[in-house]
Amino acid sequence: MNEITLDSIVRQVNEMPVLPERMNKIIKIVEDPDSTVEDLEREILKDQSLTSKVLKLANSTHYGYARKINTVSKATILLGFQTIKSIALASTVNKFLIGELKGYALEKNELWNQSQTCAIISRYIAKNTGKQDPEQAYIAGLLRDIGKTILNHYVESEYEKIVGMVETEGKSFLDAERELFGFDHAQVGGKVAEKWNFPKDLVETIEYHHTPETAEENPELVSIVHIADAITMMMGVGLGVDGMGYNFSQFALDTLNMDINQVESIISEISDLLIDEDNFNIL
């Protein structure tokens, strides 16, 4: 194998397309306290696909609104600015996450389904603990494994060696990545997030979601995504070859004032949300 470094991976990340200008405009509108519903509606209506997704979610059984929502402005009022941002971002990153990742034994759409599941669980934990903004948690959960889409090529070429380390040496897939390459998919994901000019706490969450005890910017957000990621794996969603051997960080549990019993309750409670196709498949 030709030697690779995190710097060489970063160069490849720099070749990735930036987020579309419309997505950046939507983010700016949402984050500007002086923005109006009309401002956001005007930008959404420029994208027919995004418009249909916003209306689809607003009319889903999840919200149970008595009257049909037929305008983006009404949908925005019902859903809120942050939810609109989540829909727009999910729609944008979908194309990065739907492909097959042979290096991780993930078939087409499996990483996307796994990411959506983690995002929904992250939102649920944030909402029920009151620790973080639920929509920010959703976005962080959705993007936590974006680094796999970059590292996949290298993992695939060393697949047998990594699997051998996992099976014969008892290492986690994550540890095998670190030992073989000197870095892991989470670190690469952090570079992708920097490329897209995401806030520091979101970059940190993507980079440290396996090691929340190293978080400094926003340990609560990192802990939420860490626990949601572990729950996703426990539920067997898009498990792939690297989905075994991840444990709950005690730091994350302590940070959120949670225990294993509460985690088990979340698993039983979240099942209905994941079964609800209107809530899950907005794209």
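- As annotated in an unreviewed UniProt entry, the chain carries the name HDIG domain-containing protein and comes from Sporanaerobacter acetigenes DSM 13106.

Describing the overall build of the chain
So, point 1. Looking only at helices and strands, one finds 17 helices and zero strands in the chain.
So, point 2. Every one of the 283 residues in the chain was classed for burial, and the buried ones make up 51%.
So, point 3. Looking at the chain as shown, the accessible area adds up to about 13,000 Å², and 46% of this sits on carbon and sulfur atoms.

Some thoughts on the side chain of Thr76
So, point 1. Within the fold, Thr76 resides in helix α5 (residues 72-79).
So, point 2. Among the polar contacts listed, one links the side chain of Thr76 to the backbone oxygen of Val72, at a separation of 2.8 Å.
So, point 3. Not counting chain neighbours up to four residues away, the residues in contact with Thr76 comprise Val37, Leu40, Phe81 and Ile84.

Some details on the side chain of Asp201
So, point 1. By the element assignment, Asp201 lies in helix α13 (residues 200-208).
So, point 2. No salt bridge forms around the buried Asp201; measuring N to O, its nearest opposite-charge neighbour Lys85 is 8.8 Å away.
So, point 3. For Asp201, the side chain forms a polar contact with the side chain of Asn218, separated by 3.4 Å.

Digging into the pattern of salt bridges
So, point 1. With the rule as written, the count across this model stands at 14 salt bridges.
So, point 2. Put simply, Asp145 and Lys148 hold a salt bridge, and the shortest N to O gap is 3.2 Å.
So, point 3. Accessibility expressed as a relative area gives 1% for Lys148, which makes it buried.
So, point 4. A salt bridge links Arg178 to Asp184; the nearest nitrogen and oxygen atoms lie 2.7 Å apart.

What about the nonpolar core?
So, point 1. One finds Ile9, Val93, Ile125, Phe198 and Ile227 to be the most contacted residues of the largest nonpolar core, which totals 77 residues.
So, point 2. The element best represented in this core is helix α7 (residues 110-129), accounting for nine residues.
So, point 3. Built from parts of two domains, this core gets at least three residues from each of domain 1 (18-97) and domain 2 (99-282).
So, point 4. In this structure Val93 touches Trp112, Leu142, Leu143 and Trp196, once residues within four positions along its chain are discounted.

Some points on the environment of Ile227
So, point 1. Relative to the elements of secondary structure, Ile227 occurs in helix α14 (residues 219-234).
So, point 2. Ile227 sits in the buried class, given a relative accessible area of 0%.
So, point 3. The sequence separation of Ile227 and Leu256 amounts to 29 residues, and the corresponding C-alpha distance is 9.8 Å.
So, point 4. Apart from residues no more than four positions distant in its own chain, Ile227 is found in contact with Ile125, Phe248, Ala252, Leu253, Leu256, Met258 and Val263.

Description of the environment of Leu111
So, point 1. With respect to the element layout, Leu111 can be found in helix α7.
So, point 2. Between the alpha carbons of Leu111 and Asp145 there is a distance of 8.3 Å; along the sequence they are 34 residues apart.
So, point 3. Excluding residues that lie within four positions of it along the chain, Leu111 makes contacts with Leu97, Leu101, Leu106, Asp145 and Thr149.

The rules behind each value
- Residues numbered from 1 in each chain as written.
- Predicted model: local features only at pLDDT ≥ 70, side-chain atom pairs only at ≥ 80, totals over all residues.
- Heavy atoms only, no water.
- Helix = DSSP H or I, 4+ residues; strand = E, 2+ residues; numbered from the N terminus.
- Buried < 20%, exposed > 50% of the residue type's maximum accessible area, 1.4 Å probe, protein only.
- Areas by Shrake-Rupley, 256 points an atom, 1.4 Å probe, with all protein chains shown as cover.
- Polar contact = N/O pair within 3.5 Å; in protein donor to acceptor, adjacent residues only side chain to side chain.
- Contact = heavy atoms within 4.5 Å.
- Lys, Arg positive; Asp, Glu negative; His and termini not counted.
- Salt bridge = Lys/Arg side-chain N within 4 Å of Asp/Glu carboxyl O.
- Core = buried A, V, L, I, M, F, W, Y, C linked by side-chain atoms within 4.5 Å.
- Domains from an automatic or database assignment.

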